[in-house]
Amino acid sequence: MKRILALLIAAALLLSLAACGGSGKNGDTDTADTATGTAQNNEENTLADEITEFPAEGSDYIRNGALIFRAFTELPGEEFVSLVEAQGYAWYDDDYVMSGFADEGKSSGFQKSFLAEYIQVYNSPTDYRSYEDIKAAGKGELAKMAVAFNVKGEYADGQAALSAAFDGLEILDTHKDPYDEKGSGAARIKDANGTEYLVMYTSEFYTNNTAAVSFIVRTDAYLSANPFGGTADSVDAAWSRICS
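Residues numbered from 1 in each chain as written. Predicted model: local features only at pLDDT ≥ 70, side-chain atom pairs only at ≥ 80, totals over all residues. Heavy atoms only, no water.

Engineer: Looking at this model, I keep getting lost on the overall build of the chain. Mind explaining?
Structural biologist: For the chain, the count of helices and strands is eight helices and ten strands. Long-range contacts, defined here as pairs at least 24 residues apart, represent 56% of the contacts in the chain between residues at least 6 apart. Looking at the chain as shown, the accessible area adds up to about 11,400 Å², and 46% of this sits on carbon and sulfur atoms. (Helix = DSSP H or I, 4+ residues; strand = E, 2+ residues; numbered from the N terminus. Contact = heavy atoms within 4.5 Å. Areas by Shrake-Rupley, 256 points an atom, 1.4 Å probe, with all protein chains shown as cover.)

In structure tokens form, the structure reads like this:
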């Protein structure tokens, strides 16, 4: 089941980059039914209120209340776990959801609430690292294959969220879906050790530029085992395919 969910999310990200019609997720409202429209607006306002309530800052690896990617590349596992748990994340592990961390109180229902803050660390292209495996990881080892995480805040577009989430790393190049500029895109980034990563992101926008932006970050090791689009087995090859 985890393999199926992982592949579905990866496929969704790929389709969002290649789609010719855009995602249509930037606030379209059905005005034919006043009652439905009112309920929808109330729900959006509630969601916006929820995702602007950030935990307190207190770490070089937290920006605007959200984890940044350097935590995966610079921290040993034990420090990483301590950091995310101090930020209110709780571990979840279930055959029907993707193992990882999510907002405390929402962790057992991640599949029902994709607006939950979440973190996943891949052990292979289709499996996730266990809590014990993450905690035992050496410094920088958590980013060896792939990770997935999200950020929430008042971002004008996905590009702005990208800059915040990868603060402190070099962004080599970016690509926006021409039909969905706020919603999805990709980037190549490089860490302080010279390792390059392929980043793919999708966004959900609500009121007042409030967004939840989800990232999947992949390495050469991940892509060699699970080629992007079935043929691109490195960051370079995948990037060429995305931008072609």
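What follows continues from the structure just given.
Engineer: I keep staring at the packing of aromatic side chains and nothing clicks. Help me out?
Structural biologist: Two aromatic rings, taken as a pair, are described by how far apart their centres are and by the angle between their planes. If you walk through the whole model with that rule in mind, you get 14 aromatic pairs. Relative to F80, the ring of F72 lies with its centre 5.0 Å away and its plane at 45°, an arrangement referred to as tilted. The pair formed by F72 and F80 is uniform in burial state, with each residue classed as buried. Through successive ring pairs, a cluster of aromatic residues spans F69, F72, F80, F149, F166, Y197, Y201 and F215. (Phe/Tyr/Trp six-rings, centres within 6.5 Å; stacked < 30°, edge-to-face > 60°. Buried < 20%, exposed > 50% of the residue type's maximum accessible area, 1.4 Å probe, protein only.)

Engineer: Could you clarify how one ought to interpret the sheet that holds strand β9 (residues 196-205) in this entry?
Structural biologist: Adjacent strands of a sheet pair through backbone hydrogen bonds, lying either parallel or antiparallel. On the basis of which strands lie adjacent, the open sheet formed by eight strands has the order β3-β4-β5-β6-β10-β9-β8-β7 and antiparallel pairing. A single partner strand is all that each edge strand has here, and the edge strands are β3 (89-92) and β7 (170-176). Averaged over all pairs of adjacent strands, the angle between strand axes in this sheet comes to 20°, irrespective of strand direction. Against the sheet, helix α4 (residues 77-86) engages β3, β4 (100-103) and β5 (118-122), with an angle of about 20° to β4. Of the strands in this sheet, β6 (146-154), β7, β8 (184-190), β9 and β10 (210-218) touch helix α6 (residues 158-165), which is tilted by about 130° from β9. (Pairing = 2+ DSSP bridges. Axes fitted to C-alpha atoms, helices over the stretch in contact; angles between N-to-C directions.)

Engineer: I keep staring at the pattern of salt bridges and nothing clicks. Help me out?
Structural biologist: It is possible for side chains of opposite charge to pair when their charged atoms get near one another. In the structure shown here, the tally under the stated rule is seven salt bridges. One salt bridge in this structure joins D157 and K176, with 3.5 Å as the shortest N-O distance. One end of the pair, D157, is in the loop between β6 and α6; the other, K176, is in strand β7, and 19 residues separate them in sequence. Classification of D157 as buried rests on a relative accessible area of 18%. (Salt bridge = Lys/Arg side-chain N within 4 Å of Asp/Glu carboxyl O.)

Engineer: How do you make sense of the nonpolar core when you look at a structure like this?
Structural biologist: Generally speaking, nonpolar side chains in soluble globular proteins are found buried as a group. In terms of nonpolar packing, the biggest core is built from 42 residues, with L67, F69, F72, F80, F149, F166 and F215 touching the most fellow members. Among all residues touching F215, those that are not within four sequence positions of it are Y118, V147, A148, F149, V151, A161, L162, A165, F166, V199, M200 and Y201. Counting 20 residues, the second largest nonpolar core, distinct from the first, contains Y118, M145, A148 and M200. (Core = buried A, V, L, I, M, F, W, Y, C linked by side-chain atoms within 4.5 Å.)

Engineer: What exactly am I supposed to notice about the side chain of R70 here?
Structural biologist: Considering the arrangement of structural elements, one finds R70 in helix α3 (residues 70-74). Since its relative accessible area comes to 13%, R70 is described here as buried. Dropping the residues within four chain positions of it, R70 is found in contact with D60, Y61, R63, L75, D167, G168 and L169.

All quantities given are derived from atomic positions and should not be read as evidence of function.
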